[in-house]
Amino acid sequence: MLLTKDAHEAAAVLAGTPGAVIAYPTETYYGLGSRIADGAGIGRIVAIKGREASKGMIVLVSSMEEALALAVIDARQQGLLGLFWPGPLSALLEARPGMHPLLAPGGRVALRISPHPLALALVREAGPVTSTSANPSGLPPATGAAEVVSFGLALDAVLDGGKTPGGLPSTLVDLTVWPPACLREGVVPARTVMEKAAGL
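Trainee: Looking at this model, I keep getting lost on the overall build of the protein chain. Mind explaining?
Mentor: The secondary structure content of the protein chain amounts to 7 helices and 11 strands. In terms of overall dimensions, the protein chain is globule-like: its C-alpha atoms have a radius of gyration of 16 Å, near the 16 Å expected for 200 residues. Seen through its C-alpha atoms, the protein chain measures out along the principal axes to roughly 50 × 35 × 30 Å. A total of 200 residues make up the protein chain; the buried ones form 53% of that total. Accessible area of the protein chain: about 8400 Å², with a carbon and sulfur share of 58%.

Following this line, the structure appears as structure tokens:
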């Protein structure tokens, strides 16, 4: 397993190794990532995480343009996301055809642009990647590379970005309805999202 502080090296593992799964830092916890077109990698994440991952995974993108390639996003939704991205807000949106069913259950996909510089650099180089917390089911999510390694997960690489803040996860909002519905309270208060949405 490669342990690196270089997002370029981690992206090369994802791009060059079919079925690759890596851990990387985000603005909350470490996440597990494979490229979203890599069905073998997504399957490995489910095996690594256990049943929890089969409930669906968030997808990290690096720009609104990437988001628009994966999901149908109207002007009002774009306006709201533009107020919070990059940031700890994940948005459930109507998925475009062709996405892996674990990433778009029921035809909907959850997207986020992470503000963490290493996560953003990784996605810019490797393309959109999955994001689910780096821990076996039943254990708390990791906030450091050494903690990820200690779990003994079958990973190809760990991108070491030092300690992450932990605490609350990203807020998850359903933008397939309007006004939006909060599915998971997190770093961004749901009330703040609803107030901004009301002004659009």
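Moving on, there is more to tell.
Trainee: Just to check I follow, could you spell out the nonpolar core for this structure?
Mentor: When a protein is soluble and globular, its nonpolar side chains tend to lie buried together. Formed by 43 residues in total, the largest nonpolar core has its most connected members in Val59, Leu81, Trp85, Met99, Leu111 and Leu155. Listed by contribution, the elements that provide at least two residues to this core are β3 (30-33), α2 (39-49), α3 (64-70), α4 (75-84), β6 (89-95), β7 (108-112), α6 (145-150) and α7 (190-198). If you tally residues by element for this core, the top one is β6, at 4 residues. Setting aside residues up to four positions removed in sequence, Trp85 forms contacts with Met64, Ala67, Ala91, Leu111, Arg112 and Ile113. Within the second largest apolar cluster, 17 residues are counted, among which are Ile22, Leu118, Ala126 and Val129.

Trainee: Explain α7 to me, please; I cannot follow it from the model alone.
Mentor: Because each turn of an α-helix spans 3.6 residues, side chains separated by three or four positions end up pointing in the same direction. Among the residues making up α7, those that are buried are Ala190, Val193 and Ala197. One face of α7 carries all of its buried residues, which in axial projection span an arc of 60°. Away from its buried face by more than 90 degrees, α7 exposes Arg191, Glu195 and Ala198. Packing partners of the buried residues in α7 comprise α4, β6, β10 (171-174) and β11 (181-184).

Trainee: How do you make sense of the packing of α4 against α7 when you look at a structure like this?
Mentor: Helix packing for two helices is described by the angle between their axes and how far apart those axes are. It is at 10 Å that the axes of α4 and α7 come closest, and there the two elements cross at 135°. Taken together, the axes of α4 and α7 are oblique relative to one another. As α4 runs across α7, the sense of the crossing is right-handed. Residue-level contacts link Leu80, Leu83 and Phe84 of α4 to Thr192, Val193, Lys196 and Ala197 of α7. In terms of residue class, the contact of α4 with α7 is made up of 5 nonpolar, 1 polar and 1 charged.

Trainee: What exactly am I supposed to notice about the pairing of strand β2 (residues 22-25) here?
Mentor: Sheet faces and side chains relate simply in a regular strand, where the side chains alternate between the two faces. Where burial is concerned, the two faces of β2 agree: the one with Ile22 and Tyr24 and the one with Ala23 and Pro25 are both buried. Bridge count between β2 and β3: 4 bridges; the pairing is antiparallel. Its bridge partner lying in β3, Tyr24 is registered against Gly31. Hairpin connection, β2 to β3: the antiparallel pair is bridged by 4 residues. In this structure, β2 lies alongside strand β9 (residues 157-159), joined through 2 bridges in parallel fashion. Residue Ile22 lies in a different strand from β9, and its bridge partner there is Ala157.

About the cut-offs
For every chain, the first residue of its written sequence is number 1, and the numbers climb from 1 along that sequence. Selection of residues for local features in this predicted model requires a pLDDT of at least 70, selection of side-chain atom pairs for listing and counting requires 80 or more, and totals for whole chains, interfaces and linings are taken over all residues. Only heavy atoms go into the side-chain values, all of them from the structure, while hydrogens and water stay out. Secondary structure elements follow DSSP: runs of H or I of four or more residues count as helices, runs of E of two or more count as strands, with numbering from the N terminus. As defined in this context, the radius of gyration uses C-alpha atoms, and a globule is described by 2.2 Å times the residue total to the power 0.38. A 1.4 Å probe rolled over the protein chains alone gives each residue an accessible area, and that area as a share of the maximum for its type sets the label: buried under 20%, exposed over 50%, partly exposed in between. In these tables, accessible area is a Shrake-Rupley quantity obtained with a 1.4 Å probe, and a residue counts as shielded only by the protein chains included in the view. Residue types Ala, Val, Leu, Ile, Met, Phe, Trp, Tyr and Cys, when buried and joined through side-chain atoms within 4.5 Å, form a set referred to as a nonpolar core. Any two residues having at least one pair of non-hydrogen atoms within 4.5 Å are treated as being in contact. By arc we mean the arc of the directions from the helix axis to the C-beta atoms, nothing more. Simply put, an axis is a line fit to the C-alpha atoms, just over the touching stretch for a helix, and the angle between two N-to-C directions goes from 0 to 180 degrees. Any angle from 65 to 115 degrees is called roughly perpendicular, while one under 35 is roughly parallel, one over 145 is roughly antiparallel, and all others are oblique. A crossing counts as left-handed when the near helix is turned anticlockwise from the far one by less than a right angle, and as right-handed when that turn is clockwise. Each residue receives one of three labels: charged for Asp, Glu, Lys and Arg, nonpolar for Ala, Val, Leu, Ile, Met, Phe, Trp, Tyr, Cys and Pro, and polar for the others, Gly being one of them. For two strands to be treated as a pair, DSSP must find at least two bridges joining them.

So yeah, pure geometry; function would need other evidence.
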